[in-house]
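So the chains spell out like this:
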Amino acid sequence: MQVEYSISISFNDACHQIGVESEQAYAIVECGIIAPQGDSPEDWIFDLDMISRAKRALRLQRDLHMDWSAVALLVSLLDERDQLRADNYQLRSQLQRFIPD
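Now for a quick tour of the structure. Just so it is clear, the model here is predicted, and its values are computed rather than measured.

What follows covers the overall build of the protein. When you go through the protein residue by residue, the secondary structure sums to four helices and two strands. Helices (α) and strands (β) of the protein occur, in sequence order from the N terminus, as β-α-α-β-α-α. Here the C-alpha radius of gyration of the protein, 17 Å, is well above what a compact globule of 101 residues would show, namely 13 Å. Reported as C-alpha extents along the three principal axes, the dimensions of the protein are approximately 55 × 40 × 20 Å. The 101 residues of the protein split such that 28% are buried.

Laid out in structure tokens, this is it:
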């Protein structure tokens, strides 16, 4: 049996973990890079995957001097690439069972 744990943090803690002021965190959420649970910033709850994704977006924004909407598109494309690589790896592993040595 596999047990999954989930860690949730508040908006202020998320800002601290990401290393941004609240205005930048609002921009990251507003552009759809991450989607915290909750109706308002006071109620927002973030998980560790969102923190990681936001940090990636922040690095891209700083390094490439892109606006947040471009960063959102780039992060989405990078996530899609990563998923395709994972799927490809899994399919290759399954295919190896049918290929004789």
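Attention now moves to the packing of aromatic side chains. All told, the structure shown has five aromatic pairs when counted by the stated rule. Residues Phe11 and Tyr26 carry aromatic rings whose centres are separated by 5.1 Å and whose planes lie at 20° to one another, so their mutual orientation is stacked. Within this pair, whereas Phe11 is found in helix H1 (residues 11–18), its partner Tyr26 is found in helix H2 (residues 22–30), the two being separated by 15 residues in sequence. On the accessibility criterion, Phe11 (7% relative accessible area) is buried. Looking at Tyr26, the relative accessible area reads 33%, which means it is partly exposed.

A few words now on the pattern of salt bridges. Applying the stated rule across the entire model yields four salt bridges. The partner of Arg56 in a salt bridge is Asp79, and the shortest N-O contact between them spans 3.2 Å. Here the residue Arg56 occupies a position in helix H3 (residues 48–64), and Asp79 occupies one in helix H4 (residues 68–95), the gap between them amounting to 23 residues. Classification of Arg56 as partly exposed rests on a relative accessible area of 22%. In this structure Asp79 comes out as partly exposed when scored by relative accessible area, which is 26%. Of the charged contacts, one joins Arg56 and Asp82 as a salt bridge, the two residues approaching to 3.4 Å between their closest N and O atoms. Of this pair, Arg56 sits in helix H3 while Asp82 sits in helix H4; the two residues are 26 residues apart in sequence, bridging distant segments of the chain. Residue Asp82 is classed as partly exposed on the basis of its relative accessible area, which comes to 31%.

So, how was this worked out
- Residues numbered from 1 in each chain as written.
- Predicted model: local features only at pLDDT ≥ 70, side-chain atom pairs only at ≥ 80, totals over all residues.
- Heavy atoms only, no water.
- Helix = DSSP H or I, 4+ residues; strand = E, 2+ residues; numbered from the N terminus.
- Rg over C-alpha atoms; globule rule 2.2 N^0.38 Å.
- Buried < 20%, exposed > 50% of the residue type's maximum accessible area, 1.4 Å probe, protein only.
- Phe/Tyr/Trp six-rings, centres within 6.5 Å; stacked < 30°, edge-to-face > 60°.
- Salt bridge = Lys/Arg side-chain N within 4 Å of Asp/Glu carboxyl O.

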